[in-house]
Structure formats: structure tokens, C-alpha cells
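The chain contents come next:
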Amino acid sequence: MPDNSYQFFSRLEEKHLSPKRYHHCLGVAKTAEQLAKKYQVNSKKAKLAGLLHDFYKETPKEIFINLIKQNHYNPELLNYNLGVWHGFLGADLLQHEYHVTDIEILNAVRYHTISDPQMDTLAKIVFVADYIEPHRNFKEVELARKIANQNLDAAVLFEIINSVNLLMNQGKKVHPQMLLTYNTLYTKDSTAYKLIKKMEEN
Ligand SMILES: [Fe+2]
Ligand SMILES: [Fe+2]
């Protein structure tokens, strides 16, 4: 990964994303960098993965639909929308269009929308950073930030519980991978779950 990758992609995003999305990406990059230092993984990679996570969020949906149809992706993907595609397929586009080859960065982008039970620490960091970056402003965000500061798995679990609840309450489809990650991280006596319950009470 060249040293100037962050600057290169930052300039590109500034040009092709809306200002709001661009600043969200910068916020995720900064938060991912901080979490990486805390959880002792490569902070430079985390910062770049955070910057890149929404690179294709404003790409027209027809491009994704064509990509799914022409490249032997599971056609089941067509039942979802840009919200799923920009991460899952965005990672492949970054690889093919911009020659991003770092598998940890690609997986962090790939799984930031639907998660994955096999997420490594870097992917968990980007998943959580997307939820708690400084521009985020929703009811549970302060609690999510506190949990992220204590336990990364608990932060992933908390985000999944809230996101799945929200999707269900809005009558939207839930990608099964979210539930697989939930089942992997959740057991009633797990440290992560207990921590969430304790912090919700305080
Ligand atoms: Fe995203
Ligand atoms: Fe995002």
C-alpha cells in the first residue's frame, strides 16, 4: 500500500462524494484510527479502510445491478439494495478499479454494512466506527461510544441489536449475515452481552 494512499483517496472522495458523505468518511477514518490504537491493530490501515468504506455509496444502483447479473454473484443479492451493495460489492470494485489489494482493508469495506461472523479486529473497528463517528447523532450513540471504549465485541453486538431492531420496526429486510454475526457474538452469559446490559442500566 503506497504511503500516499490516504491522500489520494481522500482527494478523490472529496470530488465525487457529497460534502456530507465525505465528512462522514473522514469521521469514520479518524474514529477507526483511534479504535485501532486502542485495540492494537494497524492504525494506518484502519484509517484508510474507514475512509474507503463508503466510496461507492453514491454510485448509481444500476451499476450494482449489472455487476451482480454479469459476474455470477448470488442472485439473492438482488433482493437487497444499495445499503448492502455498496459494501459487499464496493470492496470488489475497489480491488478492480483502484487495485486495492490489502485483504483486511477489503474485508472491512465488504462487511461494514452486513457484518460477518468471521470479521477480524480491523473489520470490527470499521463496522463500529461507521456507527459512532463524531457526526452521528442518534439516541443510543453516546452509549455505543462508551461500549466501544470498553469492549469491541460488545460494541459490534450493540450495533447489530439496534440496527436489526430498527430494520424490523421499519418493516425492512434483514440480511441473514447480521443474524449469523449476532448468534456468534451473543450468548446470555457472554461477556459482551453482560457488558451491554450493565452499561444500559447505568
Ligand atoms: Fe456504508
Ligand atoms: Fe458509512
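Above this note sits the structure.
Residues numbered from 1 in each chain as written. Chains lettered and ligands numbered in written order. Predicted model: local features only at pLDDT ≥ 70, side-chain atom pairs only at ≥ 80, totals over all residues. Heavy atoms only, no water.

Turning to its location among the elements, Leu51 is positioned in helix H3 (residues 43-52). By relative accessible area, which is 0% here, Leu51 ends up buried. Sequence spacing of Leu51 and Tyr22 is 29 residues, and the spatial spacing of their C-alpha atoms is 8.5 Å. When residues no more than four places from it in sequence are discounted, the contact partners of Leu51 are Tyr6, Phe9, Ser10, Glu13, Cys25, Leu26 and Ala29. (Helix = DSSP H or I, 4+ residues; strand = E, 2+ residues; numbered from the N terminus. Buried < 20%, exposed > 50% of the residue type's maximum accessible area, 1.4 Å probe, protein only. Contact = heavy atoms within 4.5 Å.)

We now examine the coordination of the iron ion (ligand 2). Under perfect tetrahedral coordination by four donors, a metal shows angles of 109.5 degrees; under perfect octahedral coordination by six donors, it shows angles of 90 or 180 degrees. Protein coordination at the iron ion (ligand 2) comes from His24 (NE2), His53 (NE2), Asp54 (OD) and Asp130 (OD), with a distance range of 2.2 to 2.3 Å. Geometry at the iron ion (ligand 2) is irregular, judged from its four donor atoms and the angles of 81 to 172° they form at the metal. Along the chain, the residues donating to the iron ion (ligand 2) fall in the pattern H-x28-H-D-x75-D. Taken as an interatomic distance, the gap from the iron ion (ligand 2) to the iron ion (ligand 1) is 3.5 Å; Asp54 donates to each of them. On the criterion of sequence distance, the pair formed by His24 in helix H2 (residues 19-38) and Asp130 in helix H7 (residues 121-132) is long-range, its members being 106 residues apart. Relative accessible area serves as the criterion here: at 10%, Asp130 is assigned to the buried category. (Donors = N, O, S within 2.8 Å, 3.2 Å for Na, K, Ca; no water. Tetrahedral: all angles 85-135°; square planar, octahedral: opposite > 155°, others 65-115°.)

Function cannot be inferred from these measures alone, as they are strictly geometric.
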